[in-house]
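# Structural overview
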Amino acid sequence: MLEIKNLHVKLEEEDKQILKGVNLTVEAGKVHAIMGPNGSGKSTLSYVLSGRDGYEVTDGEASLAGEDLLEMEPEERAAAGVFLAFQYPVEIPGVGNMTFLRTAVNAQRKARGEEELSASDFLKEVRAKAKTLKIDADMLKRPVNVGFSGGEKKRNEILQMAMLEPKMCILDETDSGLDVDAMKLVSEGVNALRDEGRGFLVITHYQRLLDHIKPDVVHIMADGRIVKTGGPELALEVENNGYADILAEGV
Amino acid sequence: MALADRKQSETEARLAALTMPEGGCLTEARKAALSRVQTLGLPSRRDEYWKYTRPDTLTAAEAPTAAVFDAGEAPMFSEFDRIKIVFVDGVFDADASDELALEGISIDRIADICAKDIHWAKDLYGVLEARGQTPVARPLAALNTAFAQDGVAIRVTGTPSKPVSLIYRHASEDSDAILHHVIRVESGATATILENGPAASRFNKCMEIDVADGGSLHLVRAQGRDHERRAATHLFARLGTESVFKSFTLTVNGVLTRNEAVIELTGDDAVAHIAGACVGDGDFHHDDTVFITHDAVNCESRQVFKKVLRNGATGVFQGKILVKEGAQKTDGYQISQSLLLDEDSQFLAKPELEIYADDVACSHGSTSGAIDEEGLFYLRSRGVPHAEATDLMTLAFLAEAVEEIEDADIAANVVDRLEGWLARRR
């Protein structure tokens, strides 16, 4: 599914190397978690995969289902199946949540040569999915993320993910700003999307999210590289002992 | 030739090309207005108030030609049940218009009033325009009062069941139209007026609005997409106690547009909202010039102007709030913002406050900036292509101005049109 080989990335403006040779394969149907101290390059990896400006890939490759992601515009990556749930979802005053979501769903369908969703079909689907995520109708009418609480923003991200049905879901510290109840709701939303044809890359600092979204594989990232890979027990080790021991042996 | 002489000869040349309608109850007002034009002279770039906008093509004796643009789409507001009053190149078209009759409102043509000795409009025609000549001279408005051949006098006495729609069609490539409307909203009465269309190659329009105590008027206008048209419009409004006047103007393209609004809040607790949204391309030049005078207690005024400029377009905003002595508890708000989609476009702003009362809350702000890259990336990361994402961000930017439209259906109609126009570009 997602193949990252020897990925080197630097910040364009500061000429600073952030990723220094990331290798990662996420298979369809699997959930991979990436943990690591601040500044290790986790968010940069998610931004580079989704095509954000400001980063220069100096070496390496990244592909999804055999398609070269690095050659594509952000919207092409989305249509190819990449979805990034933002750590800090952007507020867009003046654009209705529903309008935005319908525009996005149909833009992706169009890009893939599929028929656009009719207004009534879209409405039916979005209402049903919003209900399971406890998103009320009022939130759908409001401008995108404007006036939403932290929990509401994250639930809105998961609603978008549910509507867009991506192949590869990247969750960038989705647990930040969530209380226990909101985390449970968001996790349930993610778990409902787990299936054989979809991969997940969950970036987090804490074990508590992984209590709800059970990973198949856990990676530890430090200084722009993946320094250790293991099973779910690796996250527990980090929770108990911090990164110091792992970094000492891994770097 | 000395500057004053040149101004005088240019004014004379323009006046020579015009014919003043004769006779009737408006004659006195027309003659007084002509005298104002002759005294003031037509505007030139040397006048402070025209510093950012070249008036030459608006004042030239001969109107520049403008190709008629066929958008191939239904005119704005077609979906609404309304009374249609159609002007083609500034001339009333009886066949295309509805019968001018509706309960709660009376409508007469200015051309007909010219033939009468007595009419209520006599007490309003040219009156607010003359008041609006100080402290800033507006000679194009005086020229309009003197020479307008047509227009309507609308008197609102109740709550008409549907809006009055003034439709301006452009049919001839060298049309030069002057229209003057007067609107009197009686005490406690309320109405909505819709205006749309490009009108003519060159359009000079003046609207005088008197809202009596407790009256309410909503004005929504859409200036058509003709790329080569030139328009100078003046809106003069006087508001009585507890009255409300709200105006929203949508402008898309046009070589030159200068929209002036001169609003006087003369009765306590009056409310005036003046808003505008414009989207311009290339050689587009759009100027909003607003002067709001607070002359009573506890009044509220809002100015919300948003411009989206690209491919070298220019936007101008000159807005002033004058709070006179004794106009305590004034609440004045003024915001003018532009979204520049490239480095060739420019926005020139001159926001002003002049306050002589000591218990007021007045705020103003003006910004110009590029599109929010964070928001743009967010939309694109969801699969929305760059152009569509830019349009969505553009609509988001214009939203604060569009939200000034009171009627939700009309606001939705404006947004629909904007979406379509943005998608089809010019």
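All values reported here derive from a predicted model rather than from experimental measurement. Residue positions within a chain follow its written sequence, with the count starting from 1. By the order in which they are written, chains take letters starting at A while ligands take numbers starting at 1. Confidence filtering applies because this is a predicted model: local features only for residues at pLDDT of at least 70, side-chain atom pairs given and counted only at 80 or more, and all residues used for totals across whole chains, interfaces and linings. Each side-chain value is worked out from all heavy atoms of the structure, with water and hydrogens disregarded.

## A few points about the pairing of strand 18 (residues 331-340) of chain B
Residues and elements named next belong to chain B.
- Along strand 18, 8 of the 10 residues are buried, which leaves the element largely enclosed by surrounding structure.
- By the convention used here, strands pair only if DSSP detects at least 2 bridges between them. To qualify as a helix, a DSSP run of H or I must reach at least 4 residues; to qualify as a strand, a run of E must reach at least 2; elements of each kind are numbered from the N terminus. The pairing of strand 16 (residues 300-310) with strand 18 spans 10 bridges and is parallel. In the sheet register, Lys307 faces strand 18, and the bridge partner there is Ser338.
- Judged from the 9 bridges that link them, strand 18 and strand 20 (residues 361-369) form a sheet pairing that is parallel. From the neighbouring strand, Ser336 faces strand 20, where its bridge partner is Ser366. Throughout this description, buried means an accessible area under 20% of the type-specific maximum (1.4 Å probe, protein chains only), exposed means over 50%, and partly exposed covers the range between.

## A closer look at the pattern of salt bridges
Residues and elements named next belong to chain B.
- What counts as a salt bridge is simple: a side-chain nitrogen of Lys or Arg found within 4 Å of a carboxyl oxygen of Asp or Glu. In total, this model carries 43 salt bridges over all chains according to the counting rule given.
- The closest approach of N and O atoms between Asp176 and Arg202, which form a salt bridge, is 2.9 Å. One end of the pair, Asp176, is in strand 7 (residues 176-185); the other, Arg202, is in strand 9 (residues 202-211), and 26 residues separate them in sequence.
- You can call Arg202 buried: its relative accessible area is 2%.
- Residue Asp359 is joined to Lys329 by a salt bridge in which the shortest nitrogen-to-oxygen separation is 2.8 Å. Here the residue Asp359 occupies a position in the loop between strand 19 (346-355) and strand 20, and Lys329 occupies one in the loop between strand 17 (314-323) and strand 18, the gap between them amounting to 30 residues.
- Using a relative accessible area of 33% as the deciding quantity, one classes Asp359 as partly exposed.

## Examining the packing of helix 7 (residues 373-381) of chain B against helix 8 (residues 386-402) of chain B
All names here are of chain B.
- For the pair helix 7 and helix 8, the least separation of the axes is 9 Å and the interaxial angle reads 130 degrees. By the angle between their directions, the pair helix 7 and helix 8 is classed as oblique. Of the two possible hands of crossing, helix 7 and helix 8 adopt the one that is right-handed. Of the residues in helix 8, those in contact with Gly375, Leu376, Leu379 and Arg380 of helix 7 are His386, Ala389, Thr390, Leu392 and Met393.
- Of the residues contributing to the contact of helix 7 with helix 8, the split by class is 5 nonpolar, 3 polar and 1 charged. Working convention: axes come from line fits to C-alpha atoms, limited for helices to the stretch in contact. Angles between N-to-C directions cover 0 to 180 degrees. Orientation labels follow simple angle bins: below 35 degrees gives roughly parallel, above 145 gives roughly antiparallel, 65 to 115 gives roughly perpendicular, and whatever is left gives oblique. What makes a crossing left-handed is the near helix being turned counterclockwise from the far one by less than a right angle; a clockwise turn instead makes it right-handed. It only takes one pair of heavy atoms within 4.5 Å for two residues to be counted as in contact. Each residue is assigned to one of three groups, with Ala, Val, Leu, Ile, Met, Phe, Trp, Tyr, Cys and Pro labelled nonpolar, Asp, Glu, Lys and Arg labelled charged, and all others, Gly among them, labelled polar.

## Details of the interface of chain A and chain B
- If you look at the interface, chain A gives 29 residues, while chain B gives 18 residues.
- Here's the idea: put two parts together, see how much 1.4 Å probe accessible area each one loses, and the total over both is what we call buried area. In this assembly, chain A packs against chain B so that about 1900 Å² is buried in total across both faces, 64% of it on carbon and sulfur atoms.
- Our count for the chain A to chain B interface comes out at 4 salt bridges.
- For Glu374(B), the salt bridge goes to Arg52(A), with nearest N and O atoms at 2.2 Å.
- Among the elements that take part in the side of chain A that touches chain B, helix 3 (residues 97-111) of chain A stands out by supplying 5 residues, more than any other.
- Looking at the side of chain A that touches chain B, its residues break down into 18 nonpolar, 7 polar and 4 charged.

In short, shape yes, function no, at least from these values alone.
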